[in-house]
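Listed here are the chains, written in short residue letters.
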Amino acid sequence: MYKQYSDKIKYSEIEKRILEFWEENKIFEKSIETRDPKKNFTFYEGPPTANGRPGIHHVMARTIKDIICRYKTLQGYRVNRKAGWDTHGLPVEIEVEKELGIKTKDEIVLYGVEKFNQACKNSVFTYVKDWNELTRRIGYWINLDDAYITCTNEYIESVWWSLKKFFDEGYIYKGFKIQPYCTRCETPLSSHELSLGYQDVKDPSIYVAVKIKNQPDTFFLVWTTTPWTLISNVALAVNKDVDYVKVKLLDENKTPYYLILAEARTVVLPQGFEVVEKYKGQDLLGWEYERLFDYVPVDKKAFYVIEGDFVTTEDGSGIVHIAPAFGEDDYQVGKKYDLPLINPVDKSGRFNELITDFKSMHVKEADPHIIQNLKSRKLLFKKETIEHSYPHCWRCKSPLLYYARESWYIATTKYVDMMIELNKQINWYPPEVGKGRFGNWLEENKDWALSRDRFWGTPLPIWVSEDGDMFAIGSIEELKEGYFLTDDGKKIPVSELTDLDLHKPYVDKIIFEKNGKVYRRTPELIDVWYDSGSMPFAQFHYPFENKEVFEQNYPADFIAEGIDQTRGWFYSLHAIGTFLFKKPAYKNVIVNELILDKEGKKMSKSLGNTVDPFEIVEKYGADTTRWYLVSNSPPWKATLFNEDDLFDVQRKFFGTLINTYAFFALYANLDGFKYEEDEIPFEKRPEIDKWILSALNVLIKEVKEYFDDYDITKAARAISEFTIEQLSNWYVRRNRRRFWKSEMNADKISAYQTLYHCLITIAKLSSPIAPFISEEIYRCLNSVTNKEPYESVHLSLYPEVGPIDEQLLHKMEVAQKIVSIVRSIRSKNNLKVRQPLQKMLVVVKKEDQDSVREMEQVILEEVNVKELQLLDTDSDIVIKKAKPNFKSIGPKFGKKVNLVANAIRNLDGNQIKQIESGQNIILQIEGENLEITPSDVEVFGEEIKGWIVESEDGITVSLDTNLTPELIEEGLAREFINRVQNMRKDADFEVSDRISIMVEGSENLQKAISKMKSYIMQETLAEELEFGKCDSGFVQEWKVGSEECKISITKK
RNA sequence: GGGCCUGUAGCUCAGAUGGUUAGAGCGCACGCCUGAUAAGCGUGAGGUCAGUAGUUCAAUUCUACUCAGGCCCA
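These numbers come from a predicted model, not from an experiment.

**A short note on the sheet that holds strand β29 (residues 837–843)**
Logical step 1: Read from one edge to the other, the open sheet built from four strands follows the order β30-β29-β36-β35, with strand pairing classed as mixed. In the strand order of this sheet, the two ends are held by β30 (865–871) and β35 (949–952), each with one partner. Across the sheet, the mean angle from the axis of one strand to that of its neighbour is 20°, orientation sign disregarded.
Logical step 2: Pairing geometry for β29 and β30, over six bridges, is parallel. Of the residues in β30, the one forming a bridge with L837 is V865.
Logical step 3: The sheet contacts of helix α27 (residues 806–828) involve β29, β30, β35 and β36 (955–959), and relative to β36 the element is tilted by about 40°.

The structure is reproduced here in structure tokens:
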């Protein structure tokens, strides 16, 4: 027996049952093991951090990954899928700090690095249960039991190996650079971390008057949004090519004073200024000014005007204040002019004791005080607030400072050309991310700031002697040449240690003695992005183990993550892979956009517009959610998440699919169809079967092409369209009667075989996207027939493309169009389909005439018309029209095209005949003879003399709307059948129950019913049909046509 | 300020190597069906294809600019 559904379908319940089935029978494992090991398809999982709950966007990314992997499996590839967890880094530390109530780095040291890191290790997997549950629930198949974890010794060892390679080849150096620095986390951030944390904020925007030496009452006007950096000011920069002016203004006491600023920026001045002098920037160079704040003594020449080509007149005053410790441009010109570097800010972002007035104050807090100070000294010219986007720490959200710091770098700029070159081998979906966003990023490549001054992360494996000599360690084996220094000063050879943890604080206690020198580890950790970017080899503990496994699995055939990873994982994979292996790390990458709420706003906790994936999946089912996310818009376009549409997907696609299956199951069970009969060859099946099979085969072909092109959205849409429109709405609806018949003949077997084949094929095609429902249908079908040797659709293979009868597809298309036109006419004339009509006329293009003839029966049945007359376009009663073919006449006649087009529209019957017979005709236009060829003109039958017509796509149809008494009677009979059927249902009769009918009604009605008696009885499964009093059985009163009547039915 | 993407019906999305009737689904209106039925189907009304200028015989499609939204970078 095929499974039948009695109640409303509960998707979640089906899915949970399927999950259990998969797990009990190890279907995932089998889907890998049963595939040819030589047909490898490599997928890399980008490791998430499990210390936050997963969101709906994770469902999106995981769905995409899963779809491609399942599809490739269906194609016979062996797709190993190793899960991974990102465990290190600041986000973890921050969570732990919160838990422990720790606010600064010093407190961590006090608390104990060992304990702190242990807490981090424990915290990493806080939400791992949620992650695992969501992964499981949405059917994302990935091997969670064999996940790579970035904080294991093995993983770290592989990372070290790669770092040593960088180091030994001279690509790691210690530099001094301006870096975005988080004063809360007390660590510099890499540029890709920086990109994660831009926020729109309001900052003070102040204009400061800087007194020029030896010029009474004359000031430079200087603009800044970071007042606190003024304390560290050492110079002012102008652009030597920009025009500057000196203007005269009056203060509140009407005393004149003078300001110098860029001419283009006088817009910032109040009304009533007077230009008294003009300069080029060049003229101002070297001018000295009075220092604004003198807390910090300087030992070099400073406080004069220098030249900076970065100075623009787009904002500010055209004069830029320079504080070399706090800005990239500033630092560079500072070096050029040998300016002093003033940094009175400590590592937590507070002013040191030199800054007596603002001592211990965080620089951002100090801003208003500094402004107040300037104001009291009458140096504040103007104060505003501006809103701009400013980098913030991507995790703790504090504003970053630009800060000169020592740091370790990877010299990625040394091999950026290779990165750019290799990027061209990667297929990006969509391509513009690869060319544009990622490509631009590579072209502007800066060296990778590798080190982090934190605790929980992969230690930088570089040991340095006091005199600055250094070397890198690339394995645990190498480490064994060192000594472990115990707290009480004992030196134990590392080789004698039983357990070794490569994290802080342990590694820091390992020292090396070589050539009489002592080497200690440099205290920094490395950027976590380096961890995840190492996963291609580190997940296999390469090169210490699994050499072959790694080599077979590099590069990845496919990865997929969100666009936010452009500068994150996509980059770190590429940067590391390019250097180590001279190959790109991945060949195909799907980049998915954000998921926005239905208003198009970004989902965020603060707006309260986030969607809980667990709830959604429970409510609509994982398949519906997956299908919706993927079919609504391509992954690389932002999805506006709308629950109503989810419901729609469920109802339209899944509802229809299951309904179609249920229809099949209902009758197949009644008939005991088990697909035991011989397969009826394609050629021997009825037209309609050949048609749906052809359409199905087209679908198989298309879906493969879409999937192969990573276009999941088009694949999903094609499957959905076929299922709803072709299969359910046309094939099943038209063929219902074939299944009702009682005897089992060749026609019925063909119908069963055809529908069965369609259903099981759709199950296979949709299995990558909707793994649950497809499994349900596949198993329901196959468990009865055992036609396929697989216990799961996910172990089956992608269906072969069978025969496609193109002509038949076209014929049906024409027929469907004609049917649609007739319906339109009926609807406009208020003629129900139930009312039979005598005749219709059809005019189509010559090449389509055969189609209409062959589809005549189908058309007539669909529209309930008795006779179809196909009119030749040559027929006298068809009025033909000519339409210009612009594609052809456009280039030929140029500017005259519209005149020619009009002339063509007005061609008379004879001229059209000429054209149709293949002759050219001459048109006189503005005194010129122009020759028109048949290809310039499209001729179509537009009207039929004496008939009301409707046209569409070159098909013209007319309907005889005259109702003869016979037709009316027939209509009445149909109406009558309709009432009886309704009653059968109201009375809760079974579809196969036989009945007897008693009718009480007018003579007209009786006459009509008598005439059609046998037809009525057949349709309603009636054994008796009598006229008389309705006093027993199930009785209802009706209006049939215009006739009142009473009907009673009784079960036999 | 720079880069990339997007703007098509009330909503979500298709589409067009430039060719004169721009398509679906939802929603809406009207109707149908009742042997897939706590479903299903049909018909219809909805569009200056964001705006402006240019190239062209012809632009919603190509180009430039503008506006709006998004993302990324400064």
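**Regarding the side chain of N588**
Logical step 1: Structurally, the position occupied by N588 is in strand β26 (residues 586–592).
Logical step 2: A polar atom in the side chain of N588 sits 3.4 Å from the side chain of Y710.
Logical step 3: When sequence neighbours within four positions are dropped, the list of residues in contact with N588 reads N427, Y429, D557, F558, I559 and Y710.

**With respect to the sheet that holds strand β40 (residues 1043–1051)**
Logical step 1: Across the sheet, four strands lie side by side as β38-β37-β40-β39; this open sheet has mixed pairing. Two strands close off the open sheet at either side, each with one partner strand: β38 (1022–1027) and β39 (1034–1040). Going across the sheet, the axis of each strand differs from the next one's by a mean of 25°, ignoring polarity.
Logical step 2: In terms of strand pairing, strand β37 (residues 995–1001) meets β38 through five bridges, oriented parallel.

**With respect to the packing of aromatic side chains**
Logical step 1: In the structure shown here, the tally under the stated rule is 66 aromatic pairs.
Logical step 2: Note on W463 and F512: the rings are 5.4 Å apart at their centroids and 85° apart in plane angle, and the pair reads as edge-to-face. Remark: F512 occurs in strand β22 (residues 510–514) and W463 occurs in strand β18 (residues 462–465); sequence separation between them is 49 residues.
Logical step 3: Among the residues examined, W463 registers a relative accessible area of 0% and is labelled buried.
Logical step 4: Each member of the aromatic cluster is reached from another via a ring pair, and the members are Y2, F663, F664, Y667, F673, Y675, F739, Y752 and Y756.
Logical step 5: Across the ring face of Y304, the terminal group of K301 is positioned such that the distance to the ring centre comes to 4.2 Å.
Logical step 6: In this structure, K382 packs its charged tip against the face of Y207, placed 5.6 Å from the ring centre.

Parameters and conventions
- Residues numbered from 1 in each chain as written.
- Chains lettered and ligands numbered in written order.
- Predicted model: local features only at pLDDT ≥ 70, side-chain atom pairs only at ≥ 80, totals over all residues.
- Heavy atoms only, no water.
- Pairing = 2+ DSSP bridges.
- Helix = DSSP H or I, 4+ residues; strand = E, 2+ residues; numbered from the N terminus.
- Axes fitted to C-alpha atoms, helices over the stretch in contact; angles between N-to-C directions.
- Contact = heavy atoms within 4.5 Å.
- Polar contact = N/O pair within 3.5 Å; in protein donor to acceptor, adjacent residues only side chain to side chain.
- Phe/Tyr/Trp six-rings, centres within 6.5 Å; stacked < 30°, edge-to-face > 60°.
- Buried < 20%, exposed > 50% of the residue type's maximum accessible area, 1.4 Å probe, protein only.
- Lys NZ or Arg CZ within 6 Å of the ring centre and 35° of its normal.

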